[in-house]
Amino acid sequence: MCLAVPVRIVSIAGDEAETEIAGVRRRVSIALTPEAKVGDYVLLHTGYAIGVVDEAEAEETLRLLQEIADLSEVH
Amino acid sequence: MKFIDEYQDSRLAKGLADQIARRSTRSIRLMEFCGGHTHAILRYGIRQLVPARVELRSGPGCPVCVTATADLDKAIALARLPGVIVTTFGDMMRVPGSASSLQQAKAEGADVRIVYSALDAIEMARANPEKEVIFVGIGFETTAPTIAASILKARREETTNFRVLSLNKLTPPVMKALLDSGEIQLDGIICPGHVSVVIGSAPYAFIPRDYGVACAISGFEPLDILLSVDRLVEQVEGGTPGVEIAYSRGVTADGNRKARELMDEVFEVGDANWRGIGIVPDSGLALREEYGRFDAEKAFPVSLQPPREPQGCRCGDVIRGTTTPSDCELFGKLCTPERPVGPCMVSSEGACAAYHQYGYPDISQGFESKT
Ligand code: SF4
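Overview of the structure.

What counts, and where the lines are drawn
Residues numbered from 1 in each chain as written. Chains lettered and ligands numbered in written order. Predicted model: local features only at pLDDT ≥ 70, side-chain atom pairs only at ≥ 80, totals over all residues. Heavy atoms only, no water. Helix = DSSP H or I, 4+ residues; strand = E, 2+ residues; numbered from the N terminus. Buried < 20%, exposed > 50% of the residue type's maximum accessible area, 1.4 Å probe, protein only. Disulfide = S-S within 2.5 Å. Core = buried A, V, L, I, M, F, W, Y, C linked by side-chain atoms within 4.5 Å. Contact = heavy atoms within 4.5 Å. Pairing = 2+ DSSP bridges. Axes fitted to C-alpha atoms, helices over the stretch in contact; angles between N-to-C directions.

A look at unusual backbone geometry
- The backbone of Ala22 of chain A sits at a positive phi, close to 45 degrees, despite the residue not being glycine.
- Looking at the element boundaries, Ala22 of chain A is found in the loop between strand 2 (16-21) and strand 3 (24-29).
- The phi angle at Asp282 of chain B is positive, at roughly 50 degrees, despite the residue not being glycine.
- Within the secondary structure, Asp282 of chain B sits in strand 11 (residues 278-287).
- Here Asp282 of chain B falls in the partly exposed class, since its relative accessible area comes to 46%.

Re the state of the cysteines
Residues and elements named next belong to chain B.
- Taken as a whole, this structure holds two disulfides over all chains when the rule is applied.
- Linked covalently through their sulfurs, Cys315 and Cys344 form a disulfide whose S-S length is 2.5 Å. Within this pair, whereas Cys315 is found in helix 15 (residues 315-320), its partner Cys344 is found in helix 16 (residues 343-346), the two being separated by 29 residues in sequence. As far as burial versus exposure is concerned, Cys315 and Cys344 are alike and both buried.
- Looking at chain B, its bonded cysteines, counted consecutively from the start of the sequence, adopt the pairing 1-2, 3-4.
- No disulfide involves Cys191; its sulfur sits 3.9 Å from that of Cys215, the nearest cysteine.
- Since its relative accessible area comes to 0%, Cys191 is described here as buried.

Thoughts on the nonpolar core
Residues and elements named next belong to chain B.
- One finds Ile151, Phe162, Val229 and Phe267 to be the most contacted residues of the largest nonpolar core, which totals 147 residues.
- At eight residues, the largest contribution of residues to this core is made by helix 12 (residues 222-238).
- In contact with Val229, not counting residues within four places along its chain, are Ile20, Leu30, Val50, Val54, Leu56 and Ile190.

Digging into the sheet that holds strand 5 (residues 132-137) of chain B
All names here are of chain B.
- Strand order across the open sheet formed by four strands is 4-3-5-6, with parallel pairing between neighbours. The open sheet is flanked by strand 4 (111-114) and strand 6 (162-166), the only strands paired with a single partner. The average undirected angle you get between the axes of adjacent strands in this sheet is 25 degrees.
- Sheet topology places strand 5 next to strand 6; five bridges connect them, and they run parallel. Across the sheet, Val133 pairs through a bridge with Phe162, a residue of strand 6.

Following this line, the structure appears as structure tokens:
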């Protein structure tokens, strides 16, 4: 129910955005995320973007996970 | 897909699993609040990746499952009214009410339609001006802002034949109710990621403060969940319970302020009836007076018989986390996804459905016998 998938914004018109993921295009309301820009990934839930994905944080998490994996292989 | 595939990497998962094993010294019990987490945990075999002394117990985070039978009966009664189209998320169709289900009502001639979004229901209302279109609004803080935004849109566009049966519920109050009940001892909670996109991390602060229970907000990919388990094990082992965001690409401390503004504009907080739990104070969202004309309950008052619960179904205990699905005598025998007895077997996020679909490892039972 609380499923939300990251989709990329291709264009914006008013409070609607055209989004794309794995070749599938879909119109999404950005009424809840007025700060969203073209190129951003947003979390799509029941027709609405409920949040903008923070790409820097995403990379930081992956870097941390790499470090943990490297460390565990040394152990 | 970006932001999904990277978080399913098996080498990184192994690294996290090793770290959790190194940290963990004693038996602890974590609850994953969210039904989406339960499914991911079983689907990716996360229980087998973490030490058996870290128990994962599913909680009430499935909006379909926690919908009270009385509320379901209301939706079914609305669907049977002439000139009404009831729209709902697909998972609600087969949930058994006292005597029927929305699907059965449809088979008997009621106009019930599945929608993906409240926006679809508005479009349906515009396309069918001679009908009344009722949207059965279920969901937590993830979904409530989308329903609020849809109501605001209907008001702007003067769509007068669109109404909402608001069964929306709030998560921190039900967590409090579970902790207050004292029925289940928890060391940590894997908090719902997409609820938290909206509410942020602040509303969970009372959980470590007042109950000494650790919290980690988790995404839904296997690495997200393992990372959350790691954060929780560290908090519990170190005796330093707090609220950590282990889903920082989606969640901030403050959450989505705009979404909350719209939710507050349209809804007011009131008591809500949860299956298996009962009335939980301040855990529901009702339409405010100014939006009364969108309120399906006001527009179409229906009188109902007292609800009857499905015989032998232990969904209520499963929702409260006091029982695991395989402890239900009907599980897999009289109750299957094809012929579900209770909502926990119907919903794609229900714990019984997850256990049935992915098989049930004996790890949790092993844990039980050890404690
Ligand atoms: S297995 Fe079926 S009957 Fe048993 S608790 Fe789950 S939904 Fe209810």
